[in-house]
Amino acid sequence: MLTGTLRNDIDKLWEKFWTGGITNPLTVIEQISYLMFARLLDMQEQASERKAARTKKPFERLFPDTKEGQLLRWQNFKNLPGTEMRAHLRDKVYPHFGTIHMGQSDVAEFMADAEMEIKSESLLVAAVEMVDKLPLGQTDIKGDIYEYLLSKLTTAGINGQFRTPRHIIDLMVAMVGPQPEDTVCDPACGTAGFLARTMEYLMRRYSSEQGTFQDEEGNTHYTGDLLEPYRQHIANDMFWGFDFDTTMLRVSAMNMLLHGVAAPNIHYQDSLNKSIKEHWPDKEQDAFDVVLANPPFKGAIDATSTNPDLLKIVKTKKTELLFIAHILRMLKLGGRSATIVPDGVLFGSSNAHQQLRKTLIEDNQLEGIVSLPSGVFKPYAGVSTAILIFTKGGSTDQVWFYDLTADGRSLDDKRTPLVPEDRFGPMPAAKLSEEEREKNNLPDCLDQWLEYRELRLKNKGADKYADRTRKAFVVPAEEIAANKYDLSINRYKEVVYEEEEYEPPKEILARMKTLEEEIMREMDELEAML
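The rules behind the values
- Residues numbered from 1 in each chain as written.
- Predicted model: local features only at pLDDT ≥ 70, side-chain atom pairs only at ≥ 80, totals over all residues.
- Heavy atoms only, no water.
- Core = buried A, V, L, I, M, F, W, Y, C linked by side-chain atoms within 4.5 Å.
- Buried < 20%, exposed > 50% of the residue type's maximum accessible area, 1.4 Å probe, protein only.
- Helix = DSSP H or I, 4+ residues; strand = E, 2+ residues; numbered from the N terminus.
- Domains from an automatic or database assignment.
- Salt bridge = Lys/Arg side-chain N within 4 Å of Asp/Glu carboxyl O.
- Pairing = 2+ DSSP bridges.
- Axes fitted to C-alpha atoms, helices over the stretch in contact; angles between N-to-C directions.
- Contact = heavy atoms within 4.5 Å.

A.B. asks: Sorry, what's going on with the nonpolar core here?
C.D. replies: Grouped burial of nonpolar side chains is what soluble globular proteins tend to show. Residues Met-36, Phe-97, Ile-387 and Trp-400 are the most contacted members of the largest nonpolar core, which totals 104 residues. Element by element, the count of residues in this core is highest for helix α2 (residues 25-55), at 10 residues. For this core, the two domains that each supply at least three residues are domain 1 (4-147) and domain 2 (159-188 + 271-491). In terms of nonpolar packing, the next biggest core, distinct from the first, is built from 45 residues, Leu-331, Leu-356, Leu-360 and Tyr-485 among them.

What follows is the structure in structure tokens.
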């Protein structure tokens, strides 16, 4: 979490963009992304030059070794006057992005159509000065910087897209527990929130005591020093994201780059379209160990353009059902997923809804369902949702339910914090009091899930979860099947009603009559005074 001076500096930069006439948050993030990318390229070139000087070996330059080519580097244009720098960036630096080769990464390709939207020279100079001060050499901090910028996206996108709250993503990542040798995919990656937070999760889990430190402001940083044996895999093969929104692809590629993933596999592709079989034949089936997603669940798509293999699993035009079918296909046998779905998927009565739930129960292991409060996605949407946690293959014998009613923020449009920052999220820095746990259920949800999973792995009974009046409980698959595979938590949760005592109705009526008589008497007195 970004705090302190750096956060204030970014807030000031954001305000400069707004007062400078750029009020679309996505445009602000794009423009800052281009500047950060330009600086990162120069930093990478400097690192290659230092290595070449040590090893005496040549390297593939990002910038031509000519006078004009060297002027494309951040260190050589950052001090130009505003008017000259704006034209230089627009006409030479940004067009150069598309000519750069960065190994397997498509980041440069996504940056190729970068356009200069900053009209004010003074704003450009201020933005360059600010980006020049950012600690982009520190992996965990530069990732936090970009995540903080993304948190300012306050407008919903089209087709049901909206940004998934990072504390909900953190809960899902921790419940699935990706390992550094896994391959992880988000078939509708948006800003790559699931992939970036998975990288943060790994950094946190794989940092030694020596690799964990606190800065002057008390913020904890994780170097991920224990990930060294997996660096090649993480940089090139671990993370995969697909989307068909080119702006999001640019943002997500940048997000992963700033999280220390040099060549993230972020690609343009409508995951439900039949073209995926042509473009990514080895990735659309039996390809990934982990899939994390909050796919768009609004509207219907054209059946003629849909991947026909998905329609064999579930015959529908509804995107939320087709995405679950797609995730089941793209997982390896034994692969696991945490996916957000609208409540309708859990209890919809159509043949397609029941068919999909039956597939999840009988042909796979549907392990857990976390019911989320309806305000968790506000101010974007008030839709009720749940997290499905499942493993591909096998069959389900019982399903773990958790009734999450509070996520640490108010459930209205303001989303006001209800607990201090260090007690927020599923893995808070400080221990929560009983009262705070009532306001933030995420740590309890994660703790109970991990305990339940441990019991299952040891083949121990889960008697603790038999009481359906508690937040966490299990339901046998046979019972779910007998209820037309209904997965709504309200179908199974038992509510304890407390008896309330009221006055006898006759006494209430007598009191009402007395009150009525007093009113009539006072009205008569008032009338007599007129």
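A.B. asks: Would you mind showing me how to read the pattern of salt bridges here?
C.D. replies: Oppositely charged side chains can pair when the atoms bearing their charge come close. Throughout the structure, instances matching the rule amount to 33 salt bridges. Across the salt bridge formed by Arg-329 and Glu-284, the nearest N and O atoms sit 2.8 Å from each other. Within this pair, whereas Arg-329 is found in helix α15 (residues 319-330), its partner Glu-284 is found in the loop between α13 (276-279) and β6 (288-293), the two being separated by 45 residues in sequence. Like Glu-284, Arg-329 is buried. Its salt-bridge partner being Asp-309, residue Arg-329 comes within 3.2 Å of it at the nearest N-O pair. Within this pair, whereas Arg-329 is found in helix α15, its partner Asp-309 is found in helix α14 (residues 308-313), the two being separated by 20 residues in sequence. The two residues Arg-329 and Asp-309 agree in class, both being buried. Three or more residues joined by partner-sharing salt bridges are found here, namely Asp-42, Glu-45, Glu-49, Arg-61 and Arg-73.

A.B. asks: Even after reading the chapter, I still don't get the sheet that holds β6, so can you show me in this structure?
C.D. replies: Strand pairs in the sheet, formed through backbone hydrogen bonds, run parallel or antiparallel to each other. The sheet built from 9 strands is open, its strands ordered β5-β4-β1-β6-β7-β9-β8-β10-β11 with mixed pairing. Edge positions in the sheet fall to β5 (265-268) and β11 (472-476), since each of these pairs with one other strand and no more. The average undirected angle you get between the axes of adjacent strands in this sheet is 15°. In this sheet, strand β7 (residues 331-342) lies alongside β6 in parallel orientation, the contact comprising 5 bridges. Paired with Leu-292 across the two strands is Ala-338, which belongs to β7. Strand contacts of helix α9 (residues 166-176): β6, β7, β8 (365-371), β9 (385-391) and β10 (398-403), with the helix running at about 155° to β7, the strand carrying the most contacts. Across the face of the sheet, helix α19 (residues 442-457) comes into contact with β8, β9, β10 and β11 while running at roughly 165° to β10.

A.B. asks: Looking at this structure, I do not really get the pairing of β10. What am I missing?
C.D. replies: Each regular strand carries side chains that alternate between the two faces of the sheet. Counting buried positions over the 6 residues of β10 gives 6, a clear majority of the element. Where β8 and β10 come together, 4 bridges link them in parallel fashion. Bridging across to β10, Ser-371 finds its partner in Asp-403. As paired strands, β10 and β11 are joined by 5 bridges and run antiparallel to one another.

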